[in-house]
Amino acid sequence: MITGGIDIGMHSVKVCLLDGDSLRGHLTTPCGRNSAKTVADNALNLCLEKAKADRHDIKGILCTGTLRMELPGTDGFVSMPASLAKGCSRISPKIRTAVDMGAVKTVAVRTDRGRLTKSASNDKCAACSGMYLEMVARILGVSIEDMGRLSLKSNDPVEVSSTCAVFAESEIVSLINNKKKVEDILRGVFLALARRTYPLLVNVGLEKDVAMVGGVAHNVGVVKALEEQVGFNLVVPPFPDIAGALGAAAISQERI
Amino acid sequence: MVVAGIDIGSLSVNSVVLSDGRIVSWSNIRATPNVEETAMCGLNKAVEKTGLSIKDLEYVVSTGYGREAISFSNKHVTEIACHARGSNWLFPEVRTILDMGGQDCKAIRCDEKGRVTNFIMNDKCAAGTGRYLEMVASTLEIPLEEIGPLSLDVKKEPAVIENYCAVFAQRDILIMLREGKNANDILAGVCEAVAKRVLQLLRRVEAIPILSISGGIAKNIGVVTRIEDTLKLKSHIAFEPQVVGALGAALFAQDQLLREMKS
């Protein structure tokens, strides 16, 4: 029995097809300028094609994510924290705490065998978001994909004192003018980001194993900084961005 | 007796020259990353207009974000004290000062002599600062000076900017533009949002009349009108609201010089 999960975020749509315990297919596509519905439809069709399955094979499909309400026609909606809690425990049953860092929102959840027990999020301020990292990449002239790896070369991280992303932009420009190395600036930015994310994890209660998911989990520099902040290694699944979609598909499976 | 005050802000550098207790000239230039050079250039610009040179200045007080970074000032004073002093000198009846600068916003209470009695400051977040308005101006591709007047020319309801954060608000504005929202309605929403942020500061400092507004945003009629409408009062705004801090610094320079001459 195949079920689907769609996670519609501010930046990208994630689709996941689940067949029992096996992942039949998954896909992440940027939203761009198209409406959430168009992007989600296309992504679902592509994913079905890749999984060599038909729309009729899907027995249930649930939608999650910030813009989930823009997608009518699915079997229902499920909150992002609930999907994350479920998705992360599907990734590994040992996971008790997870942090999801997306383009706009950072969510921390506690999960008890897939059931959400506590969550905390920040969506008021860009200081803990993927958009902040995009801004940093743009002014430093590095790619989003490379910035994490580059930061690992740093020996002398800078101090980034601004919390606000807008102020950090001017701070980084003056750091560049002061001839600071790109890797040291990046490392400084990631350490500051980790410091700001940590309270969210503490808020939900930090119980091992702790997973890091969401688009920002692809960034090894942020993962390393957060690991140093919590004092132990984090679990980063191979496809960190689909944790929410996976959870939605799993919840759909259980409902049937 | 010729003295000067220089206010080195995050986005602008302002100078005021006082001669025997009267403002003889002032300047307002854009800040650059090279603090010392910009400060010198700004001060020079003000001094030149008087026919004097920097050597003729008997005392210089610096204030603002970069006040400690320059070598040619005799003393530095916080911009909070300077704004209170400058506003009090211009408008002796003023008891609350709202200074909205490029990168921070302060609500200051002062006594009849212009001494600070209380203040609250936001310098952590760009919401409600000049940087926020600059970002809006560049997103909508209009000059910064036009935000205020255009925001008062609202066709329909002002757009509601739900996000507090400047980065997220920029995204919201782009989405609204794509949806075909009128730019003036968006500007009205932006000015409303900025006014709302600073009103929170005024409430927390327990603002009392009479109010004066200084700093770059005081030039934005859209924000000023909305603050005045909410508080149901008129505010005092200087001839050049961006030089009030520098004026305060120059007044402190004059005090200091008089004190040194006496002793």
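Residues numbered from 1 in each chain as written. Chains lettered and ligands numbered in written order. Predicted model: local features only at pLDDT ≥ 70, side-chain atom pairs only at ≥ 80, totals over all residues.

Draft legend 1. Broad picture of the domain arrangement of chain A. Residue and element names in this part refer to chain A. The assigned domain composition of chain A is domain 1 (2–92 + 239–255) and domain 2 (120–230). Put simply, the middle of domain 1 and the middle of domain 2, counted by C-alpha atoms, are 28 Å apart. Each partner contributes to the interface: domain 1 provides 8 residues, whereas domain 2 provides 9 residues. With 3 residues, helix α2 (residues 80–91) is the largest single contributor of residues to the side of domain 1 that touches domain 2. Tallied by class, residues from the side of domain 1 that touches domain 2 come to 5 nonpolar, 2 polar and 1 charged. (Domains from an automatic or database assignment. Contact = placed C-beta atoms within 7 Å. Helix = DSSP H or I, 4+ residues; strand = E, 2+ residues; numbered from the N terminus. Nonpolar A, V, L, I, M, F, W, Y, C, P; charged D, E, K, R; others polar.)

Draft legend 2. Region of the structure containing the sheet that holds strand β9 (residues 211–214) of chain B. All names here are of chain B. What the 5 strands build is an open sheet, ordered β8-β7-β6-β9-β10; its pairing is mixed. Every interior strand has two partners, whereas the edge strands, β8 (116–122) and β10 (236–237), have only one. Of the pairings in the sheet, the one linking strand β6 (residues 96–100) to β9 comprises 4 bridges and is parallel in character. Counted as the bridge partner of D99 is S214 from β9. (Pairing = 2+ DSSP bridges.)

Draft legend 3. Representation of the pairing of strand β4 (residues 58–64) of chain A. All names here are of chain A. Most of β4 is tucked away: 6 of the 7 residues are buried. Where strand β1 (residues 2–8) and β4 come together, 6 bridges link them in parallel fashion. Looking at the pairing, I2 lines up with I58 of β4. (Buried ≥ 20, exposed ≤ 12 C-beta atoms within 10 Å, placed from the backbone.)

Draft legend 4. Focus on the pairing of strand β4 (residues 59–63) of chain B. Residue and element names in this part refer to chain B. Taking burial as the measure, the 5 residues of β4 include 5 buried ones, the bulk of the element. Side chains Y59, V61 and T63 project from β4 onto one buried face, and the interleaved V60 and S62 project onto a second face that is buried too. As defined by bridge partners, strand β1 (residues 2–8) adjoins β4 across 5 bridges and the pair is classed as parallel. Paired with A4 across the strands is V60, a residue of β4. The pairing of β4 with strand β5 (residues 75–76) spans 2 bridges and is parallel.

Draft legend 5. Expanded view of the interface of chain B and chain A. Listed as interface residues are 12 residues of chain B and, on the opposing side, 12 residues of chain A. Among the elements of the structure, α3 (130–140) and α5 (166–178) of chain B are those that each provide at least two residues to the side of chain B that touches chain A. Counted by class, the side of chain B that touches chain A contains 9 nonpolar, 1 polar and 2 charged residues.

Draft legend 6. Region of the structure containing the environment of N44 of chain B. Inspection of the secondary structure puts N44 of chain B in helix α1 (residues 35–48). By the C-beta count within 10 Å, which is 15 here, N44 of chain B ends up partly exposed.

Draft legend 7. Region of interest: the sheet that holds strand β8 (residues 210–213) of chain A. All names here are of chain A. Across the sheet, 4 strands lie side by side as β7-β6-β5-β8; this open sheet has mixed pairing. Strand pairing shows two members of the sheet lacking a second neighbour, β7 (115–122) and β8, which therefore form its edges. Going from strand to strand, the sheet's axes swing by 20 degrees on average, the running direction of each strand aside. As paired elements, strand β6 (residues 106–112) and β7 share 7 bridges and run antiparallel to each other. The partner of T106 across the bridge, within β7, is N122. Its contacts with the sheet place helix α6 (residues 182–204) against β5 (97–101), β6 and β7, and it is angled at close to 25 degrees to β6. (Axes fitted to C-alpha atoms, helices over the stretch in contact; angles between N-to-C directions.)

Draft legend 8. Inspection of the nonpolar core at higher detail. In terms of nonpolar packing, the biggest core is built from 164 residues, with I6 of chain A together with A4, V16 and A250 of chain B touching the most fellow members. Looking at which domains feed residues into this core, each of domain 1 (2–92 + 239–255) and domain 2 (120–230) of chain A gives three or more. Beyond its immediate stretch of four places on either side in the chain, I6 of chain A contacts V13, V15, A40, L44, I61, C63, L71, T74, A245 and A248 of chain A. (Core = buried A, V, L, I, M, F, W, Y, C linked by C-beta atoms within 7 Å.)

Draft legend 9. Examining the packing of helix α4 (residues 144–151) of chain A against helix α7 (residues 220–230) of chain A more closely. Residues and elements named next belong to chain A. Remark: α4 packs on α7, axes separated minimally by 6 Å, with the N-to-C direction vectors making an angle of 45 degrees. As judged from the angle between their axes, α4 and α7 are oblique. Here M147, G148, R149 and S151 of α4 lie close against α7, whose contacting residues are V220, G221 and V222. For the contact of α4 with α7, a count of residues per class yields 3 nonpolar, 3 polar and 1 charged. (Parallel < 35°, antiparallel > 145°, perpendicular 65-115°, else oblique.)

Draft legend 10. View of the confidence of the model for chain B. Residues and elements named next belong to chain B. With 100% of its residues at a pLDDT of at least 70, chain B reaches an overall mean of 93. Mean pLDDT across the elements of chain B ranges from a minimum in α5, with 87, to a maximum in helix α2 (residues 79–90), with 97. Quick note on the complex model: pTM equals 0.81, ipTM equals 0.77. (pLDDT = per-residue confidence, 0-100.)

Draft legend 11. Quick look at α2 of chain A. All names here are of chain A. An ideal rise of 1.5 Å per residue puts 16 Å on 12 residues; α2 measures up with 16 Å between its terminal C-alpha atoms. The buried fraction of α2 is high, at 12 of 12 residues. Regarding α2, the residues found buried are M80, P81, A82, S83, L84, A85, K86, G87, C88, S89, R90 and I91. (Expected span 1.5 Å × (residues − 1).)

Draft legend 12. Geometry of the environment of R204 of chain B. Relative to the elements of secondary structure, R204 of chain B occurs in helix α6 (residues 183–204). Along the sequence, R204 of chain B and F119 of chain B sit 85 residues apart, while their C-alpha atoms lie 9.0 Å from each other.

Draft legend 13. Local environment of unusual backbone geometry. The step from K208 of chain A to D209 of chain A runs through a cis peptide bond, and the omega angle for that step is -10 degrees. With respect to the secondary-structure elements, D209 of chain A resides in the loop between α6 and β8. For the bond from P209 of chain B to I210 of chain B, the omega torsion is 5 degrees, close enough to zero to count as cis. The topology assignment puts I210 of chain B in the loop between α6 and β9. Of note in the backbone geometry, K52 of chain A takes a positive phi value of approximately 50 degrees without being a glycine. A tally of 9 C-beta atoms within 10 Å means that K52 of chain A is categorised as exposed. For K232 of chain B, which is not glycine, the phi torsion reads 55 degrees and is therefore positive.

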